[in-house]
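Now for the letters of each chain:
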Amino acid sequence: MSAQPAATQSGILGLIEKVGNKVPHPVMMFLYLIIGVIVLSAILNLLGVSVTEEVAVPIPVDSIVNLYEDSAAPGYYNPTQPYDEQFTVQKETISIRSLLSIEGIRFIFTSFVPNFSGFAVIGITFIALMGAGVAEEAGLMNALIRKLVAVAPAGALSFIIIFVGVLSSVASDAGYLILIPLAAAAFLSVGRHPLVGLAAAFAGVASVFTVNLIPTPIDAMLTEITNESIALAGGQPITIAANLFFGIGSSIVLALVAAIVTEKIIAPRLGEYKGPKAHAEGDKEEISPEAEGRGLRAALFGFLAMLVVILILTVPPGAPLRRPDGQIEGNSPLMDSLLFVIMLFFLISGIAFGKAAGTLKGSGDIIKAVTKTFAGLAGLVFMLLMISQFIAFFNYSNLPRVIAVVLAGILEQANVGALPLLILMILVIVLLDFIMPGSVPKWAIFAPIFVPLFIRLGVAPESVLAAYRIGDAPVNSITPLMVYLPFILTIAQRYQKEAGIGTIISLMIPYVIVILVAWLILFGLWFVLNIPLGPGYLPQLAP
């Protein structure tokens, strides 16, 4: 028996779910999109569509030929890791490139394998779930969920999960792959609908992605692009902490807002869960409280041992996980390897739990746990194959870049005041995020246009960057180009077999709307009251 469908099929959201679930399978949907991009690129290329604009581009790093790769073709590597990636502003003419030209057809055929093998989401998914899979098979995940539910106040579970999701952006994509399945299981364990937990975690991870309590690796790149754009207007560069206060305030306020949406809209809409437990839990033997206690103590020791290793590799001066300049925060080896580090924590803790609790007898059981986890990703991998091709072909055609520049040009001509123009910029970025989800590519196009423009209007560049963060996050959870959407759908179908893309989108739309409105109000108050966005960074420039 599956989840009660009647509870999810009423009102406008029910209509969205019904329509959304009638769209073709994601594999076919992206196949149709690929065909559409190919045809559209050919038509617009024949029409000579192009734009000229100043954009921020990375400064190339000299590479060295590596003839010792396990391949017949020579590879390349950078002699030093550019942890402070540099950008420069250049004027570019961007033309639509036809995928039906000789070069375009050549690209389709020669890039098909590299598009898939170079699609970072695939490697990230397998690495992240390797440790989580061992921990789940050992029983550590269920034990942690029971502990979380036992110590968390009943009314605070949604907020805790959402807030952890917001903080997970420091670890790149770990929140999507680990927290969302965990949240669904946590809600099920307390007798609540697991899709409520899934939606809450997805909102925290995706729709509040661009802010945190501490600077994240992506902040370093956004700040560098901003500084290159500031130079066009002769202003002073900003630091990575320029939006720190705004990020902290936004993280807390939006987590509270999303928790209210969860309890007042999503939970009542889904109603009581009457479906089965996820199949992954069905065949597992019950662990006795004594064995679970031993396992948790061993997992704690494993966690602490791993923590000591990471501290040794990070804390001392000159440690390998520090940057060459000695810094740890921002774009550093520690931050770059955080997903791998998290995987190791789960893997070591899971093995320790399994050994002590008796659920993992030896190396064979550990290997079986990893194999079982990887086997369950087969359908997801096929979907990612099609998604990787669409994104590569879409980017090759230059369609997203041309659309972004055209929208930016329209916005630049708007004759309104500073705050209304900032809000208009946010709304344009929201629309653009549906077809161009990446934070850095959009900012590379928008920053050289709007940072100098707003400086002339007396708006500090850190305010423009804060506004960009607002536009770049909320719709991440409903855009079809969200690369983790197939994975999240797979998790939802564990509990509700008939769930489709429409199910996920209809669950997330209330979060998107409420978070966006709340964030706009928060930003407006911050700007009007001239509250510092970061240490020493006011929203408005001094006259």
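Chemist: I keep staring at the overall build of the chain and nothing clicks. Help me out?
Modeler: Counting its regular elements, the chain contains 22 helices and four strands. Across the 543 residues in the chain, those meeting the buried criterion constitute 53%. Of the contacts formed within the chain by residues at least 6 apart in sequence, a portion of 81% connects residues at least 24 apart. Accessible area for the chain stands at about 23700 Å²; split by element, carbon and sulfur atoms hold 68% of it.

Chemist: Help me out: how do you make sense of the pattern of salt bridges in this one?
Modeler: Pairing of side chains with opposite charge becomes possible as their charged atoms draw close. The tally for this structure, following the rule as stated, stands at seven salt bridges. For Asp219, the salt bridge goes to Arg469, with nearest N and O atoms at 2.7 Å. Pair noted here: Asp219 is in helix α9 (residues 217-232) and Arg469 is in helix α20 (residues 461-472), with a separation of 250 residues, a long-range link. Given a relative accessible area of 5%, Arg469 falls into the buried group. With a shortest N-O distance of 2.7 Å, Arg323 and Asp325 are connected by a salt bridge. For Arg323, a relative accessible area of 8% translates into the label buried. Overlapping salt bridges bring together Asp433, Lys442 and Asp472 as one network.

Chemist: Which parts of the structure should I look at to understand helix α2 (residues 26-46)?
Modeler: The periodicity of an α-helix, 3.6 residues per turn, causes residues three or four places apart in sequence to face the same way. For α2, which comprises 21 residues, the first-to-last C-alpha distance of 30 Å matches the rise-based estimate of 30 Å (1.5 Å per residue) to within 8%. Restricting attention to buried positions, one finds in α2 the residues Pro26, Val27, Met29, Phe30, Ile34, Val37, Ile38, Ser41, Ala42 and Leu44. Of the surrounding elements, those touching the buried residues of α2 are α3 (102-117), α16 (378-397), α17 (399-412), α21 (485-495) and α22 (501-528).

Chemist: Whenever I open this one, the side chain of Thr210 confuses me. Can you help?
Modeler: Structurally, Thr210 can be placed in the loop between α8 (194-207) and α9. Owing to a relative accessible area of 9%, Thr210 belongs among the buried residues under this scheme. Reaching out from Thr210, the side chain makes a polar contact with the backbone oxygen of Arg469 at a distance of 2.7 Å. Here Thr210 is in contact with Ser439, Arg469, Asp472, Ala473 and Trp519, once residues within four sequence places are set aside.

Chemist: I'm lost on the environment of Ala492 in this one. Help?
Modeler: Counting through the fold element by element, Ala492 comes out in helix α21. Overall, the relative accessible area of 0% leaves Ala492 in the buried class.

Chemist: Please clarify how the packing of aromatic side chains should be interpreted in this entry.
Modeler: The relative placement of two aromatic rings is captured by the distance of their centres and the angle of their planes. The tally for this structure, following the rule as stated, stands at 15 aromatic pairs. Ring centres of Tyr176 and Phe202 lie 6.3 Å apart, and the angle between their planes is 70 degrees; this geometry places the pair in the edge-to-face category. Linking Tyr176 in helix α7 (residues 174-189) with Phe202 in helix α8, this pair joins segments that are 26 residues apart in sequence. Relative accessible area serves as the criterion here: at 0%, Phe202 is assigned to the buried category.

Chemist: So what exactly am I meant to see when it comes to a nonpolar patch on the surface here?
Modeler: A contiguous nonpolar surface patch, about 780 Å² in accessible area, is contributed by Ile265, Ile513, Val514, Val517, Ile521, Leu525, Val528, Leu529 and Ile531. Among the elements that make up the nonpolar patch, the one with the highest residue count is α22 (six residues). Tracing the chain through its elements places Ile531 in the segment after α22. Its relative accessible area of 34% is what places Ile531 among the partly exposed residues.

Chemist: How should I be thinking about the side chain of Asp219 in this particular structure?
Modeler: For Asp219, a relative accessible area of 6% corresponds to the buried category. Not counting the four nearest positions on each side in its chain, Asp219 is found in contact with Ile214, Ile240 and Arg469.

Chemist: It is not clear to me how unusual backbone geometry should be interpreted in this structure. Could you clarify?
Modeler: Residue Asn398 is not a glycine yet carries a positive backbone phi of 70 degrees. By relative accessible area, Asn398 is classed as buried at 10%. Look at Asn530: it is not a glycine, yet its phi comes out positive at around 55 degrees. Within the secondary structure, Asn530 is located in the segment after α22.

Chemist: How do you make sense of the confidence of the model for the chain when you look at a structure like this?
Modeler: Close reading of the predicted structure is inappropriate where its pLDDT is low. In this model, the chain carries an average pLDDT of 84, and 90% of its residues clear a pLDDT of 70 or more. Counting interchain partners and residues more than four positions distant, the pLDDT-below-50 stretch residues 279-283 has five contacts.

The rules behind each value
Residues numbered from 1 in each chain as written. Predicted model: local features only at pLDDT ≥ 70, side-chain atom pairs only at ≥ 80, totals over all residues. Heavy atoms only, no water. Helix = DSSP H or I, 4+ residues; strand = E, 2+ residues; numbered from the N terminus. Buried < 20%, exposed > 50% of the residue type's maximum accessible area, 1.4 Å probe, protein only. Contact = heavy atoms within 4.5 Å. Areas by Shrake-Rupley, 256 points an atom, 1.4 Å probe, with all protein chains shown as cover. Salt bridge = Lys/Arg side-chain N within 4 Å of Asp/Glu carboxyl O. Expected span 1.5 Å × (residues − 1). Polar contact = N/O pair within 3.5 Å; in protein donor to acceptor, adjacent residues only side chain to side chain. Phe/Tyr/Trp six-rings, centres within 6.5 Å; stacked < 30°, edge-to-face > 60°. Patch = residues over 30% accessible without salt bridge, like charges linked within 9 Å, V, L, I, M, F, W, Y side chains within 5 Å. pLDDT = per-residue confidence, 0-100.

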